[in-house]
Amino acid sequence: MKIAILPGDGIGPEIVAQAVKVLNALGETFEMEMAPVGGAGYEAHGHPLPEATLKLALDADAVLFGAVGDWKYDTLERALRPEQAILGLRKSLNLFANLRPAILYPELAGASTLKPEVVSGLDILIVRELTGDIYFGQPRGVRVCPDGPFKGEREGYDTMRYAETEIRRIAHVAFQAARKRGKRLTSVDKANVLETFQFWKDIVTDVHQEYPDVALDHMYVDNAAMQLVRAPKKFDVIVTGNMFGDILSDAAAMLTGSIGMLPSASLDANNKGLYEPSHGSAPDIAGKGIANPLATILSAAMMLRYSLDKAEQADRIESAVKKVLAQGLRTPDIYEAGTTKVGTAEMGQAVLNALL
Ligand code: IPM
Ligand code: MG
């Protein structure tokens, strides 16, 4: 089994190193190959997604990804910015289904900014469509405004769009995920304003006919944002478009106390996937050895489960993470009085030691 290892920028290399360490301790033979991506790709080959990196990702059975981005690339033209690497990988590998679980480990109930009773036991799954919507819609750009009150002035514009096939396939992923969990699915849209999302709602409603055992409800995105902080435990599975999913998944992540805890999987139609922590490259703490590697380690567990057909090994890693939390080990982002503060490498080593 071949795994492409793409550490990227900022804290990416530090956290990915810990996940690789844990993977290597499982007693399996994985062929791992590393390549630069994001700002690191730009530095090495003049492009955030160098050709060789893309080829490695295309040829691999799964991709373990760290994070990309750094302020120092903000002035580059858009096509060369680090973010284009992850967008390019998602598009080139057809990774349309993004699974972002938000689980609150009981030991971390106090780390949430919300009251423990609001979040304790939280276990929701956001299914975000990842290769469509306003992220990739054409045309886009800056042009001279052709008409209306701002005619003749420059304007920026993007295109929100979803093809029926795109909505159907992500709806199927979400209904199937809901079927394996609490059997409740909330489809988040903005059908009261946007044509794209009225269409989304109609198609999801149609797909629902194939899943009579799953309860479906629809919610506008602004209300969903409010409900996520008001009563997040009412959700089971949420399915939504690329843009709304980007925003809601960050909010959901923070309910759990730390975005540093949350893994994600981005899957194609055949369960080939890219696995990355839900957080970003955090350049402000890069190189300090204090980043939380658990989201990346848990992403490696998702990789074993979804793409490499090694559910037992995934269980081992997830149990080991629970164990180190129970032991009271905390990186600074989840630290509370009475626990033991550890760095990135120590946390990785502790997970490795806790593997059964
Ligand atoms: C995410 C990130 C990306 C996105 C950025 C880095 C392009 O925010 O994975 O949520 O917007 O999808
Ligand atoms: Mg995001």
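The structure this text deals with has already been given above.
Here's what I pulled together on the structure shown here.

So, how was this worked out
- Residues numbered from 1 in each chain as written.
- Chains lettered and ligands numbered in written order.
- Predicted model: local features only at pLDDT ≥ 70, side-chain atom pairs only at ≥ 80, totals over all residues.
- Heavy atoms only, no water.
- 1 Å grid on protein atoms, 1.4 Å probe; cavity = no way out; pocket = protein on both sides within 12 Å on 5 of 7 lines; lining within 4 Å.
- Points joined across faces, edges and corners; volume = space filled by probe spheres on them.
- Nonpolar A, V, L, I, M, F, W, Y, C, P; charged D, E, K, R; others polar.
- Near = heavy atom within 4 Å.
- Polar contact = N/O pair within 3.5 Å; in protein donor to acceptor, adjacent residues only side chain to side chain.
- Areas by Shrake-Rupley, 256 points an atom, 1.4 Å probe, with all protein chains shown as cover.
- Sits in = over half its atoms within 2 Å of the grid points.
- Helix = DSSP H or I, 4+ residues; strand = E, 2+ residues; numbered from the N terminus.
- Domains from an automatic or database assignment.
- Salt bridge = Lys/Arg side-chain N within 4 Å of Asp/Glu carboxyl O.
- Buried < 20%, exposed > 50% of the residue type's maximum accessible area, 1.4 Å probe, protein only.
- Contact = heavy atoms within 4.5 Å.
- Pairing = 2+ DSSP bridges.

Under the defined criterion, the tally for this structure stands at one cavity of 30 Å³ or more. Approximately 40 Å³ is the volume attributed to the largest cavity. Residue lining of the largest cavity: Arg100, Pro101, Ala102, Ser249, Ala252, Ala253, Leu262 and Ser278, and that is the complete set. Residues belonging to the lining of the largest cavity are distributed by class as follows: five nonpolar, two polar and one charged.

With that settled, consider the site of ligand 1. The local shell around ligand 1 consists of Glu83, Arg90, Arg100, Arg128, Tyr135 and Asp246. One of the side-chain N or O atoms of Arg100 is found 2.8 Å from an oxygen atom in ligand 1. Taking Asp246, its side chain carries an N or O atom lying 2.9 Å from an oxygen atom of ligand 1. Calculation on ligand 1 without its partners gives an accessible area of 320 Å², and the protein chains cover 74% of this total. One can see that ligand 1 is located within the second largest pocket.

Unoccupied space between atoms shows up once a probe the size of one water molecule is rolled over them. Within this model, the largest pocket holds a volume of roughly 770 Å³. If you go around the largest pocket, you meet 27 residues; those closest to its centre are Leu99, Leu125, Met302, Arg305 and Tyr306. Of all the secondary-structure elements, those providing two or more residues to the lining of the largest pocket are β4 (97-103), β5 (123-129), α6 (164-179), β11 (263-267), α10 (294-306) and α11 (311-326). Along the lines of polarity and charge, the residues of the lining of the largest pocket split into 17 nonpolar, three polar and seven charged. In this structure, the lining of the largest pocket is formed jointly by two domains, domain 1 (1-95 + 268-356) and domain 2 (97-262), each of which donates at least three residues. In terms of lining, the second largest pocket is formed by 26 residues, of which the most central are Val68, Ile86, Arg90, Asp246 and Gly280. Those elements that provide at least two residues to the lining of the second largest pocket are β3 (62-67), α4 (83-92), α9 (242-255) and β12 (273-277).

To continue, consider the pattern of salt bridges. On inspection of all chains with the given rule, the structure shows 16 salt bridges. Between Asp315 and Arg305 there is a salt bridge, with its nearest N and O atoms 3.2 Å apart. Taken together, the positions of Asp315 in helix α11 and Arg305 in helix α10 put the pair 10 residues apart, joining distant regions of the chain. Glu318 is the partner of Arg305 in a salt bridge, and the nearest nitrogen-oxygen pair spans 2.5 Å. Here Arg305, found in helix α10, pairs with Glu318, found in helix α11; they are 13 residues apart in sequence, far enough to count as distant. On the accessibility criterion, Arg305 (28% relative accessible area) is partly exposed. For Glu318, a relative accessible area of 22% translates into the label partly exposed. Within the structure, one salt-bridge network assembled from shared partners comprises Asp123, Arg181 and Asp236.

This part takes up the side chain of Thr256. Its place among the elements puts Thr256 in the loop between α9 and β11. Among residues more than four places away in sequence, those in contact with Thr256 are Ala102, Ile103, Leu104, Leu108, Ser112, Leu122 and Leu262.

The subject of this paragraph is the pairing of β11. Counted residue by residue, β11 has five buried out of five residues, so it is predominantly covered. Taking every second residue as pointing to the same face, both faces of β11 are buried, with Pro263, Ala265 and Leu267 on one and Ser264 and Ser266 on the other. In this structure, β4 lies alongside β11, joined through three bridges in antiparallel fashion. Within β11, the residue paired with Asn98 across the bridge is Ser266. Bridge analysis of β11 against β12 gives five bridges, and the strand direction is antiparallel. Note that in β12 the partner of Ser266 across the bridge is Leu274.

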